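# What the coordinates show
Listed below, chain by chain, are the residues.
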Amino acid sequence: PLTYVEWFTTLHCCDPVTGLYMVSCSTQNHHPNMLVISVDHFICACHLQGSCGNSIDWTSNNVLEKAPSFHVNLYIDLHTFFALMH
């Protein structure tokens, strides 16, 4: 089976307040950086939380389009916690 994937930036900076990695939607020529890949290439899922800043003008239906960046929640999953913390 194949799936459509929109990529995010790499894990290179942490939020100084939360200590969580920050990512944003990756773009290529001002368009979403996307690819259709086999689900066999997935390693694991991750949980993203929209970073709201000063105002929240998004809902659960449009957060991927409206939120400027996201926190990678490493506390939601024990495997992710150990992979990113060590």
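Residues numbered from 1 in each chain as written. Predicted model: local features only at pLDDT ≥ 70, side-chain atom pairs only at ≥ 80, totals over all residues. Heavy atoms only, no water.

### Quick notes on the overall build of the protein chain
Looking only at helices and strands, one finds two helices and eight strands in the protein chain. N-terminal to C-terminal, the α/β element order of the protein chain is β-β-β-β-β-β-β-α-β-α. With respect to the three principal axes, the spread of C-alpha positions in the protein chain is 40 × 35 × 25 Å. Each of the 86 residues in the protein chain was classed as buried or not, and the buried ones make up 21%. (Helix = DSSP H or I, 4+ residues; strand = E, 2+ residues; numbered from the N terminus. Buried < 20%, exposed > 50% of the residue type's maximum accessible area, 1.4 Å probe, protein only.)

### Concerning the sheet that holds strand 2 (residues 13–14)
Taken in spatial order, the four strands line up as 2-3-8-7 in an open sheet, and their pairing is antiparallel. On the outer flanks of this sheet lie strand 2 and strand 7 (48–50), each paired with one strand and no other. Sheet topology places strand 7 next to strand 8 (residues 70–72); three bridges connect them, and they run antiparallel. Bridge pairing links G50 to F70 in strand 8. (Pairing = 2+ DSSP bridges.)

### Digging into the layout of surface pockets
Its boundaries defined by the atoms lining it, the largest pocket holds a volume of some 930 Å³. Forming the walls of the largest pocket are 24 residues, and the residues nearest its centre are W7, F8, C44, A45 and C46. Elements represented by at least two residues in the lining of the largest pocket include exactly strand 1 (2–6), helix 1 (63–66) and helix 2 (78–85). When its residues are assigned to classes, the lining of the largest pocket shows 18 nonpolar, four polar and two charged. (1 Å grid on protein atoms, 1.4 Å probe; cavity = no way out; pocket = protein on both sides within 12 Å on 5 of 7 lines; lining within 4 Å. Points joined across faces, edges and corners; volume = space filled by probe spheres on them. Nonpolar A, V, L, I, M, F, W, Y, C, P; charged D, E, K, R; others polar.)

### Details of the side chain of D15
By secondary structure assignment, the location of D15 is in the loop between strand 2 and strand 3 (21–23). No salt bridge is formed by the buried D15, whose closest oppositely charged neighbour, K66, lies at an N-O distance of 21 Å. Of the polar contacts made by the side chain of D15, one reaches the backbone nitrogen of V17; its length is 2.6 Å. Polar contacts involving the side chain of D15 include one to the side chain of H71, which spans 2.9 Å. (Lys, Arg positive; Asp, Glu negative; His and termini not counted. Salt bridge = Lys/Arg side-chain N within 4 Å of Asp/Glu carboxyl O. Polar contact = N/O pair within 3.5 Å; in protein donor to acceptor, adjacent residues only side chain to side chain.)

### Some details on the packing of aromatic side chains
A complete count under the given rule lists one aromatic pair for this structure. Considering the side-chain rings of F8 and F70, the 5.6 Å spacing of their centres and the 90 degrees angle between planes classify their relative orientation as edge-to-face. Highlighted residues: F8 in the loop between strand 1 and strand 2 and F70 in strand 8, separated in sequence by 62 residues. Taking the relative accessible area as the measure of exposure, F8 reaches 29% and is therefore partly exposed. With relative accessibility at 2%, the residue F70 sits in the buried group. (Phe/Tyr/Trp six-rings, centres within 6.5 Å; stacked < 30°, edge-to-face > 60°.)

All quantities given are derived from atomic positions and should not be read as evidence of function.
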